[in-house]
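Tertiary structure, described
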Amino acid sequence: QQQVKQSPQSLIVQKGGISIINCAYENTAFDYFPWYQQFPGKGPALLIAIRPDVSEKKEGRFTISFNKSAKQFSLHIMDSQPGDSATYFCAASMGTGNTGKLIFGQGTTLQVKP
Amino acid sequence: SQTIHQWPATLVQPVGSPLSLECTVEGTSNPNLYWYRQAAGRGLQLLFYSVGIGQISSEVPQNLSASRPQDRQFILSSKKLLLSDSGFYLCARRGYNEQFFGPGTRLTVL
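Residues numbered from 1 in each chain as written. Chains lettered and ligands numbered in written order. Predicted model: local features only at pLDDT ≥ 70, side-chain atom pairs only at ≥ 80, totals over all residues. Heavy atoms only, no water.

Structural notes on a nonpolar patch on the surface
Which entries qualify depends on this criterion: Two joining distances apply to patches: 9 Å for like charges and 5 Å for nonpolar side chains (Val, Leu, Ile, Met, Phe, Trp, Tyr), and every residue must have over 30% relative accessible area and no salt bridge. We get accessible surface area from the Shrake-Rupley algorithm with a probe of 1.4 Å; when it comes to residues, only the shown protein chains can shield them. By definition here, a salt bridge exists when the distance from a side-chain nitrogen of Lys or Arg to a carboxyl oxygen of Asp or Glu is within 4 Å. Each helix corresponds to a stretch of at least 4 residues labelled H or I by DSSP, and each strand to a stretch of at least 2 residues labelled E; elements are numbered beginning at the N terminus.
Residues Ile18, Ile20 and Met78 of chain A make up a contiguous nonpolar surface patch of roughly 240 Å² in combined accessible area. Looking at the element boundaries, Ile20 of chain A is found in strand β3 (residues 19-25).

Considering the interface of chain B and chain A
Rules: Contact between two residues is taken to exist if any of their heavy atoms lie within 4.5 Å; hydrogens are not considered. A simple way to read buried area is as the amount of 1.4 Å-probe accessible surface that goes missing from two parts once joined, with both sides added. For this scheme, ten residues count as nonpolar: Ala, Val, Leu, Ile, Met, Phe, Trp, Tyr, Cys and Pro. Four count as charged, namely Asp, Glu, Lys and Arg, and the remainder, Gly too, count as polar.
Each partner contributes residues to the interface: chain B has 22 residues there, and chain A has 21 residues. Carbon and sulfur atoms supply 52% of the area that chain B and chain A bury against each other, a total of about 1,600 Å² over both sides. The tally of links between chain B and chain A comes to 1 salt bridge. Residue Lys101 of chain A is joined to Glu59 of chain B by a salt bridge in which the shortest nitrogen-to-oxygen separation is 3.2 Å. At the level of secondary structure, the elements contributing two or more residues to the side of chain B that touches chain A comprise β4 (33-38), β5 (45-52), β9 (87-94) and β10 (99-101) of chain B. Among the residues making up the side of chain B that touches chain A, the classes are represented as 11 nonpolar, 6 polar and 5 charged.

Points about the pairing of β9 of chain B
Moving residue by residue along a regular strand, the side chains alternate between the two faces of the sheet. Residue and element names in this part refer to chain B. Defined as follows: Exposure is judged per residue with a 1.4 Å probe applied to protein chains only, and the accessible area is read against the type maximum: over 50% gives exposed, under 20% gives buried, and values in between give partly exposed. When DSSP finds at least two bridges between two strands, those strands are taken to pair.
Within β9, 8 of the 8 residues are buried, which leaves the element mostly enclosed by the surrounding structure. Relative to strand β11 (residues 105-109), β9 runs antiparallel, the two being bridged by 3 bridges. Each bridged residue has a counterpart across the sheet, and for Tyr89 the counterpart in β11 is Thr105. The sheet contact formed by β9 and β10 spans 3 bridges and is antiparallel. Looking across to β10, one finds that Ala92 is bridged to Phe101. Taking the residues between adjacent antiparallel strands as the criterion, β9 and β10 are bridged by 4 residues.

Details of the sheet that holds strand β8 (residues 73-78) of chain B
Residues and elements named next belong to chain B. Stated precisely, the cut-off is as follows: Think of each axis as a best-fit line through the C-alpha atoms, taken over the contacting stretch in the case of a helix, with angles from 0 to 180 degrees between the N-to-C directions.
In spatial order, the strands read β1-β3-β8-β7; together these 4 strands make up an open sheet with antiparallel pairing. Strand pairing shows two members of the sheet lacking a second neighbour, β1 (3-7) and β7 (65-70), which therefore form its edges. For this sheet, the mean inter-axis angle between neighbouring strands, taken without regard to orientation, is 20 degrees. Sheet topology note: the strand β3 (residues 19-26)/β8 ladder contains 6 bridges and is antiparallel. From the neighbouring strand, Leu19 faces β8, where its bridge partner is Ser78.

Some words on the pairing of β5 of chain B
Residue and element names in this part refer to chain B. For β5, the buried fraction is high: 6 of the 8 residues fall into the buried class. Relative to β5, β4 is paired through 5 bridges, and the arrangement is antiparallel. Directly across from Trp35, in β5, lies its bridge partner Phe48. Between the antiparallel neighbours β4 and β5 lie 6 residues, among them Gly41 with a positive phi of about 70 degrees. Two strands pair when backbone bridges link them, and β5 and strand β6 (residues 55-58) are joined in this way by 3 bridges, in the antiparallel orientation. Looking across to β6, one finds that Gly52 is bridged to Gln55. Counted between consecutive antiparallel strands, the loop separating β5 from β6 contains 2 residues, among which Gly54 sits at a positive phi close to 75 degrees.

Description of the state of the cysteines
Residue and element names in this part refer to chain A. In plain terms, the rule: Disulfides are defined as pairs of cysteine sulfur atoms found within 2.5 Å of each other.
A full pass over the atoms with the stated rule returns 2 disulfides over all chains. The disulfide partner of Cys23 is Cys90, and the S-S distance across this bridge is 1.9 Å. An S-S torsion of about -95 degrees defines the bridge between Cys23 and Cys90 as left-handed. Of this pair, Cys23 sits in strand β3 while Cys90 is found in strand β9 (residues 86-92), placing the two residues 67 residues apart along the sequence.

The structure is reproduced here in structure tokens:
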């Protein structure tokens, strides 16, 4: 029940296309859902995050869509660029918890072809 | 600004040798701190977290231990390294709900 399942494991998209990464969770107590971007040899960096009281959040070319009833959320990268090639992790947490632990998905390696 | 430092950046150690990785945090007091390991091409495995000085919670039984001797210092240790300890070790601190990661330490055990 603590798992976050992420798909696909890898993704190849042409430059200018839309990249879509999906995550699903079981624990309805989760109330914070961040996405992280990680380049090779670097630590993950927070990209965008959403709470379950909104269905969509957009920051530039990155959009999170959230479906509370289906317990699913997804990351959409519009107009994908070669510089977006990285590994993306979704995560979930009970944001008000004392520990602040994040439950991470397994990661998606995105390659954007020029 | 709130910065996370990890030392060393890379490390090559023989099997059976000891290990000490250091994480220090600037610009915040009494942060929740976390150690993660990332095997090659794999996801993030939470190893330990700490909510304060001397308070360590272990997530996965293993060959490693952690300590928090000071408010802004988090140390990952091992008495005898195994081949399976190789990986990319990441320290993170809690923000409000999110976590911020340090630059990581690449450990290779030979």
